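Next come the chains, spelled out residue by residue.
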Amino acid sequence: MKLDSKIPEGPLEQKWSKYKKDMKLVAPNNKRKYEVIVVGTGLAGGAAAASMAELGYNVKSFCIQDSARRAHSIAAQGGINAAKNYPNDGDSIWGLFYDTIKGGDYRSREANVYRLAEVANEIIDQAVAQGVPFAREYSGLLANRSFGGAQVSRTFYARGQTGQQLLLGAYQAMMRQVHAGKIEYLPRHEMLDVVIIGGQARGIITRNLVTGEIKSWEADAVVLATGGYGNVFYLSTNAKNSNVTAAWRAHKKGALFANPCYVQVHPTCIPVSGDYQSKLTLMSESLRNDGRVWVPKKKGDDRHPNDIPEEDRFYYLEEKYPSFGNLVPRDVASRNAKIVCDEGLGVGETGLAVYLDFRDAIKRDGRETVEAKYGNLFDMYENIAGENPYERPMRIYPAVHYTMGGLWVDYNLMTNIPGLFATGEANFSDHGANRLGASALMQGLSDGYFVLPATIGNYLADVKPGTRHGTDHTAFVEAEKAAQENIDKLLSINGKRTIVDFHRTLGKIVWDKIGIARNKEDLESAIKEIQELREEFWANVYVPGEKNNYNKYLEFASRVADFFELAELMAKDALDREESCGCHLREEYQSEEGEAIRNDEDFSYVAAWEYKGINGELKEELHKENLEFEFVELKQRSYK
């Protein structure tokens, strides 16, 4: 299989504009003849559905929640990047592009990343026009703050609720088209399979989560905007409904899965407090603008943090990375938090936490100023941790947050299956081996508002309108039958072990052995343990309830089954990549100070895996898309 990324020729700054100029178009009177399915209603899915409906396409929008407003995009806190350069501190589209390429440790496509940086400015204008209440300076200009991996302030924000406000903007745009009759909106439906006819994606199979009805839906193109797979770790900052099922079922139908081992661990999360937890809570990276990260210099120093004098504090990020300090990228901050905790300098009952201290910011700027910036985040922390962060430093520790891996897509955001597109966190395309903070919202809205609505027309222009096969076609019938058989199989096992117990056990394996740091021995062990646990799952899981009604146990069982297979592929991908880059730290390939050492000669490629079946062991074939760097120099990252 030859991977054609379809990257246009020419200067980097002109690739996207030239590509749009040369794309095939669909006439306005023909757009109404096409049906497009969009699975997912977060920022990427909501923006895509709204934009395509505005253009005139007929859209079917599938939402796993009871409302699109519950999409996980709502949880994003700190902001969205764009190179408007309002602070006049030297930012530019090139600067945003370069920081993103470098932040991803040179494991992403130049053309995709530059387009992302270029389109970002339009996102801000679009959001403001929709009424998104970005913070403003006294002058009236939109305010900016800093995020990790950059030496400029380019992050636009709405206190600590940026994701929520942007989602409401996309939701309103989408609902406008629902009421106009251009979008058929179907909440509480979960995609179970994609249907391929004649080598093209022509529809999906869904389960109505209330009635249990399995149903086929046909269209001329299918868009997956279903988010990431961080919940494979059981404990993550993701909403519990976030899952990999839609993307994984597409993978099993032939869509390549790229870079699955690239998983971002966020350094600023509330630490684990007990076995009762089902998820973790993020504290926005924006807090690192004013909060200082430190641990006691001496092991076992259990004094109240306010009683530990300056000379006994180890501000490890500021000392190790003076150019960036506390605003190093997430992978660097997470790795260093693990290092100091492994050395016995961690704080709290478990020793798996570091301090994020606002003492100096409050002393410098006053409590009112700090409260205006971060008040809702401080309230959230106090509600969960039971401690007042104005009076005592927050305790934080890294947790799984975002996945850079996902379905392989070309420059059009189309997978290797014609007619099947993937947007936002569901694809792999823009962040390489590490995502910079405030870039997830940027990518989701870039894909949804500006990229996909243009590139999908380039595909549909070659699809003759009205060439439908009908949902009674063999491909639909067989896919429905397979989906029902899988459900029946889960319900028939009647074992003795709960779904949550299996998921928690899987998560511990994945976190311990495919987490912040990996090594050959642990990865090989993880593969074997995952295979054994998966075999036990299919023999001993207990799924109560019935198939023909609302059954959360059944939903989660199906998703956990997919997580078992994905986890094995993550381990295989990490084992195959014998280098360290970004979030992927192989302990065999690092400097004495714990910095990642890349191997550009052998591993400067996208690892795109093709599903070949499963029989005790997951069978996958590796395809490589070589990454070529024409415009930036490949060099080892340094934030010192």
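> Looking at this structure, how should I read the overall build of the chain?
Looking only at helices and strands, the chain has 17 helices and 23 strands in total. By the compact-globule yardstick of 26 Å for 640 residues, the chain fits well, its C-alpha radius of gyration being 24 Å. Here the C-alpha coordinates of the chain stretch approximately 75 × 60 × 50 Å along the principal axes. Counting all 640 residues of the chain, 62% fall into the buried class. Sequence-distant contacts in the chain: of pairs separated by 6 or more residues, those separated by 24 or more amount to 74%. Carbon and sulfur atoms form 47% of the exposed surface of the chain, whose accessible area is close to 24000 Å².

> Can you help me understand the environment of Leu235 in this one?
Of note, Leu235 is situated in the loop between strand E9 (221-224) and helix H7 (245-252). For the pair Leu235 and Leu280, spaced 45 residues apart in sequence, the C-alpha separation works out to 6.1 Å. Setting aside residues up to four positions removed in sequence, Leu235 forms contacts with Val272, Gln277, Ser278, Lys279, Leu280 and Val400.

> I would appreciate a short explanation of the pattern of salt bridges in the present structure.
Counted according to the given criterion, the structure contains 58 salt bridges. The partner of Asp91 in a salt bridge is Arg154, and the shortest N-O contact between them spans 2.8 Å. A residue pair is termed long-range when its members are at least 10 positions apart, and Asp91 in the loop between strand E3 (80-81) and helix H4 (93-103) and Arg154 in the loop between helix H5 (110-130) and strand E4 (155-156) qualify at 63 residues. Relative accessible area serves as the criterion here: at 8%, Asp91 is assigned to the buried category. Owing to a relative accessible area of 4%, Arg154 belongs among the buried residues under this scheme. Taking the shortest distance from any N to any O, the salt bridge between Arg292 and Glu318 comes out at 2.8 Å. You can see Arg292 sitting in strand E12 (residues 292-296) and its partner Glu318 sitting in helix H8 (residues 316-320), a full 26 residues away along the chain. One salt-bridge network, in which partners are shared between bridges, spans Asp105, Arg107, Asp331, Arg577, Glu579, Arg598, Asp600 and Arg637.

> Explain the sheet that holds E12 to me, please; I cannot follow it from the model alone.
To summarise the sheet geometry, strands pair through backbone hydrogen bonds and adopt either a parallel or an antiparallel arrangement. Ordered in space as E11-E15-E14-E12-E13, the 5 strands form an open sheet in which the pairing is antiparallel. The open sheet is flanked by strand E11 (263-269) and strand E13 (313-314), the only strands paired with a single partner. Across 3 bridges, strand E14 (residues 354-357) lies against strand E15 (residues 394-403) in antiparallel orientation. The residue of E15 that forms the bridge with Leu356 is Met394. Against the sheet, helix H9 (residues 330-342) engages E11, E12, E13, E14 and E15, with an angle of about 65° to E11.

> Quick question: what am I supposed to make of the sheet that holds strand E1 (residues 35-39) here?
Strand order in this open sheet of 5 strands is E5-E2-E1-E9-E17, and the pairing throughout is parallel. A single partner strand is all that each edge strand has here, and the edge strands are strand E5 (183-187) and strand E17 (420-422). The mean angle between the axes of side-by-side strands here comes to 15°, regardless of whether they run parallel or antiparallel. Strand contacts of helix H12 (residues 440-460): E1, E9 and E17, with the helix running at about 150° to E9, the strand carrying the most contacts.

Calculation rules
Residues numbered from 1 in each chain as written. Predicted model: local features only at pLDDT ≥ 70, side-chain atom pairs only at ≥ 80, totals over all residues. Heavy atoms only, no water. Helix = DSSP H or I, 4+ residues; strand = E, 2+ residues; numbered from the N terminus. Rg over C-alpha atoms; globule rule 2.2 N^0.38 Å. Buried < 20%, exposed > 50% of the residue type's maximum accessible area, 1.4 Å probe, protein only. Contact = heavy atoms within 4.5 Å. Areas by Shrake-Rupley, 256 points an atom, 1.4 Å probe, with all protein chains shown as cover. Salt bridge = Lys/Arg side-chain N within 4 Å of Asp/Glu carboxyl O. Pairing = 2+ DSSP bridges. Axes fitted to C-alpha atoms, helices over the stretch in contact; angles between N-to-C directions.

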